[in-house]
Each structure stands twice: as C-alpha cells, then as structure tokens.
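The chain contents come next:
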Amino acid sequence: MTHIEVAWTSESGLSGRMAEGSAPCGSIELLGIAARAGAVAYAMAHEAGGTAQVCVGEEGGGTQRVIYRVGHGL
C-alpha cells in the first residue's frame, strides 16, 4: 500500500503533517488521493502563508518522496 500525506510549515514556524490516505500502488484510488492532497497542500500554504508539500511513501514507514511543493518563497 502507498501512503500519501501533506506536510506544512507556516511563516510563523508552526508545522504539521496530515495523512490523506492509502491505496494500492498504481490504482485509480491513489490518483484521487494524490489530487485531493495537492488541493489541501495548496490551500494550507496560502492560508498559513507558508509552504506545503505532498509526500508519498510505503505505509508503515520508510522513505518518503516529495511529489508536489507549493508556497511562498519557493
């Protein structure tokens, strides 16, 4: 299973992570989760005035890759 989450940092230095979901690699469900995560990252970056990124990795830990980054000062 592939896990997708959004990580964000505000201009004031607050940060957090938010799980968006998991689905089998290559499935149509995974594309939907990634699209929703991109929209959430965009909204978080603009609301908080900072940056946000969508991270993809294997469920249960391991290496994550950033597939989308948005925000001020990039």
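Scroll up a little and you will see the structure.
Residues numbered from 1 in each chain as written. Predicted model: local features only at pLDDT ≥ 70, side-chain atom pairs only at ≥ 80, totals over all residues. Heavy atoms only, no water.

Asks: Would you explain the overall build of the chain in this entry?
Replies: For the chain, the count of helices and strands is one helix and four strands. Element order for the chain, N to C, with α for helix and β for strand: β-β-α-β-β. In terms of overall dimensions, the chain is globule-like: its C-alpha atoms have a radius of gyration of 12 Å, near the 11 Å expected for 74 residues. Expressed as lengths along the three principal axes of its C-alpha atoms, the size of the chain is roughly 35 × 20 × 15 Å. Within the span of the chain, comprising 74 residues, buried residues form 35% of the whole. A sequence separation of at least 24 residues applies to 44% of the contacts in the chain between residues at least 6 apart. Carbon and sulfur atoms form 57% of the exposed surface of the chain, whose accessible area is close to 4400 Å². (Helix = DSSP H or I, 4+ residues; strand = E, 2+ residues; numbered from the N terminus. Rg over C-alpha atoms; globule rule 2.2 N^0.38 Å. Buried < 20%, exposed > 50% of the residue type's maximum accessible area, 1.4 Å probe, protein only. Contact = heavy atoms within 4.5 Å. Areas by Shrake-Rupley, 256 points an atom, 1.4 Å probe, with all protein chains shown as cover.)

Asks: Mind showing me how you'd approach the nonpolar core here?
Replies: The nonpolar side chains of a soluble globular protein tend to be buried, and buried together. Ile4, Val6, Ala23, Leu30, Ile33, Ala37, Ala41, Ala45, Ala52, Val54, Val56 and Val70 form the largest nonpolar core, which has 12 residues in total. Taken together, the elements giving at least two residues each to this core come down to β1 (2-9), α1 (28-48) and β3 (51-58). With five residues, α1 is the largest single contributor of residues to this core. What alanine 23 contacts, discounting residues up to four positions off in sequence, is Met1, Thr2, Glu29, Leu30 and Ile33. (Core = buried A, V, L, I, M, F, W, Y, C linked by side-chain atoms within 4.5 Å.)

Asks: Sorry if this is basic, but what is going on with the state of the cysteines here?
Replies: Chemically, a disulfide is nothing more than a covalent bond linking the sulfur atoms of two cysteines. A complete count under the given rule lists zero disulfides for this structure. For cysteine 25, which is in no disulfide, the shortest distance to another cysteine sulfur is to cysteine 55 and amounts to 16 Å. For cysteine 25, a relative accessible area of 67% translates into the label exposed. (Disulfide = S-S within 2.5 Å.)

Asks: Hey, could you run me through the sheet that holds β3 in this one?
Replies: Spatial strand order, β2-β1-β3-β4: four strands in an open sheet with antiparallel pairing. Looking at which strands have only one partner, the edges of the open sheet turn out to be β2 (15-23) and β4 (64-71). This sheet shows a mean twist of 20° between the axes of neighbouring strands, independent of strand direction. Pairing of β1 with β2 involves eight bridges; the strand directions are antiparallel. Its bridge partner lying in β2, threonine 9 is registered against serine 15. (Pairing = 2+ DSSP bridges. Axes fitted to C-alpha atoms, helices over the stretch in contact; angles between N-to-C directions.)

In short, shape yes, function no, at least from these values alone.
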